[in-house]
Amino acid sequence: MQTESNFKDLLKIFVGPRAQSYLDHIEGKNQNSTFAQLSWAGLIFGPLWLLYRKMYSYFFLFLVIGGVIGLLCEIVGVPTQVLIGLSCISNLILVFIGKRLYSQFAVQKTKAYIHNPKYSKKVFAEVGGVSLSVPLLVLFIQLVVVIMMSLPFIPFSPF
């Protein structure tokens, strides 16, 4: 019983904010409520939510798959309106699998820490938790790229 409570405490440390929601999801307490199983942050922020939760490999997987799909659509000649609609698919996927994906990620990292505690609990909390700086940095880079790509098309005229 000691290891189970230790596991829950470590999981709470790793998850950080909203730890109880993820613990309820892991323990199966929200199985009857579809509303509680959906990841609303995944719907609103999409793959940026993955960066916020420090799931970098999943973010890059979404990025590569989205880039390949976008490239194929450009080659085929899909209209821009359809491309905009296709860009929302990642958000819809994360609504349904986001909470489960993060729960599995947190459990995996916590079990790995229990089997091989290489560092202190304070460092373990920093490995988990959330990071607001990385998604903001990615948004800033996207904004700069969009501005740089649109500048050659802006007419510079003194009139």
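Refer to the preceding data block for the structure.
So, how was this worked out
- Sequence order as written defines residue numbering, which begins from 1 separately in each chain.
- Residue-level local features of this predicted model are given only where pLDDT is at least 70; pairs of side-chain atoms are given and counted only at 80 or more, and the full residue set underlies all totals for whole chains, interfaces and linings.
- Side-chain descriptors were evaluated using all non-hydrogen atoms of the structure, hydrogens and water having been removed beforehand.
- Secondary structure elements are defined from DSSP: runs of H or I of at least 4 residues count as helices, runs of E of at least 2 residues count as strands, and each element is numbered from the N terminus.
- Relative accessibility under 20% of the residue-type maximum defines a buried residue, over 50% an exposed one, and the middle range a partly exposed one, all with a 1.4 Å probe and only protein chains included.
- Two residues form a contact once any of their heavy atoms are found within 4.5 Å.
- Angles run from 0 to 180 degrees between N-to-C directions of axes, and those axes are lines fitted to C-alpha atoms, restricted for helices to the stretch in contact.
- Roughly parallel means an angle under 35 degrees; roughly antiparallel, over 145; roughly perpendicular, 65 to 115; everything else is oblique.
- Gly counts as polar in this scheme, as do all residues outside two lists: the nonpolar Ala, Val, Leu, Ile, Met, Phe, Trp, Tyr, Cys and Pro, and the charged Asp, Glu, Lys and Arg.
- Under this rule, positive means Lys or Arg and negative means Asp or Glu; His and the chain ends count for nothing.
- Here a salt bridge means any side-chain nitrogen of Lys or Arg lying within 4 Å of a carboxyl oxygen belonging to Asp or Glu.
- Side-chain atoms within 4.5 Å link the members of a nonpolar core, which is a set of buried Ala, Val, Leu, Ile, Met, Phe, Trp, Tyr and Cys residues.
- The residues that make up patches have over 30% relative accessible area and no salt bridge, and they are joined within 9 Å when like-charged or within 5 Å when they are Val, Leu, Ile, Met, Phe, Trp or Tyr.
- Note on areas: Shrake-Rupley, 1.4 Å probe, and residue coverage restricted to the protein chains presented here.
- Each aromatic pair joins two rings of Phe, Tyr and Trp (for Trp, the six-membered one) with centres within 6.5 Å, and gets the label stacked for planes under 30 degrees apart, edge-to-face for over 60, and tilted for any other angle.

1. So, the overall build of the protein chain
A count of helical and extended segments in the protein chain gives 10 helices and 0 strands. Moving toward the C terminus, one meets the helices and strands of the protein chain in the order α-α-α-α-α-α-α-α-α-α. Across the 159 residues that make up the protein chain, the buried fraction comes to 30%. Within the protein chain, contacts between residues separated by at least 24 positions form 75% of all contacts whose residues are at least 6 apart in sequence.

2. Description of unusual backbone geometry
Excluding glycine, residues mostly carry a negative phi; peptide bonds, for their part, are mostly trans. Backbone geometry at Lys54 places phi at a positive 60°, although glycine is not the residue there. Relative to the assigned elements, Lys54 resides in the loop between helix 5 (47-52) and helix 6 (56-76).

3. Quick notes on the packing of helix 2 (residues 19-27) against helix 8 (residues 89-115)
It is the contact of helix 2 with helix 8, at a shortest axis distance of 10 Å, that shows an interaxial angle of 90°. The orientation of helix 2 with respect to helix 8, classified from their angle, is roughly perpendicular. Side by side, helix 2 and helix 8 meet where Ser21, Tyr22, His25 and Ile26 of the first sit next to Lys99, Arg100, Tyr102, Ser103 and Val107 of the second. Split into classes, the residues belonging to the contact of helix 2 with helix 8 amount to 4 nonpolar, 3 polar and 2 charged.

4. Looking at the side chain of Arg53
Summarising the element assignment, Arg53 is placed in the loop between helix 5 and helix 6. Buried and unpaired, Arg53 has Asp24 as its nearest opposite-charge partner, separated by 13 Å. Filtering out sequence-adjacent residues up to four positions away, Arg53 remains in contact with Val15, Pro17, Arg18, Tyr22, Tyr102, Phe105, Gly129 and Val130.

5. Thoughts on the nonpolar core
If you look at the biggest cluster of nonpolar residues, it comprises 24 residues, and the most contacted ones within it are Leu11, Val15, Leu50 and Tyr102. Top contributing element to this core by residue count: helix 8, with 7 residues.

6. Section: a nonpolar patch on the surface
There is a patch of nonpolar side chains on the surface, built from Leu61, Ile65, Ile69, Val82, Leu86, Ile89 and Ile93 and spanning about 560 Å² of accessible area. Listed by contribution, the elements that provide at least two residues to the nonpolar patch are helix 6, helix 7 (80-86) and helix 8. The biggest single contributor to the nonpolar patch is helix 6, with 3 residues. Secondary-structure assignment places Ile93 in helix 8.

7. Quick look at helix 2
Residues Ala19, Ser21, Tyr22, Leu23, Asp24 and His25 constitute the buried set of helix 2. One or two residues past the end of helix 2 sits Gly28, with phi positive at roughly 85°.

8. As for the packing of aromatic side chains
Tallied over the entire structure, the rule returns 8 aromatic pairs. Between Trp49 and Tyr102, the aromatic rings sit 6.5 Å apart at their centres with planes inclined by 65°, giving edge-to-face as the arrangement. Placement of the pair is Trp49 in helix 5 and Tyr102 in helix 8, with a sequence separation of 53 residues. For the residue pair Trp49 and Tyr102, the accessibility class agrees, reading buried in each case. Judged by centre distance (6.0 Å) and plane angle (35°), the ring pair of Tyr102 and Phe105 falls under tilted. With Tyr102 and Phe105 both in helix 8 and 3 residues apart, this pair spans about one turn of that helix.

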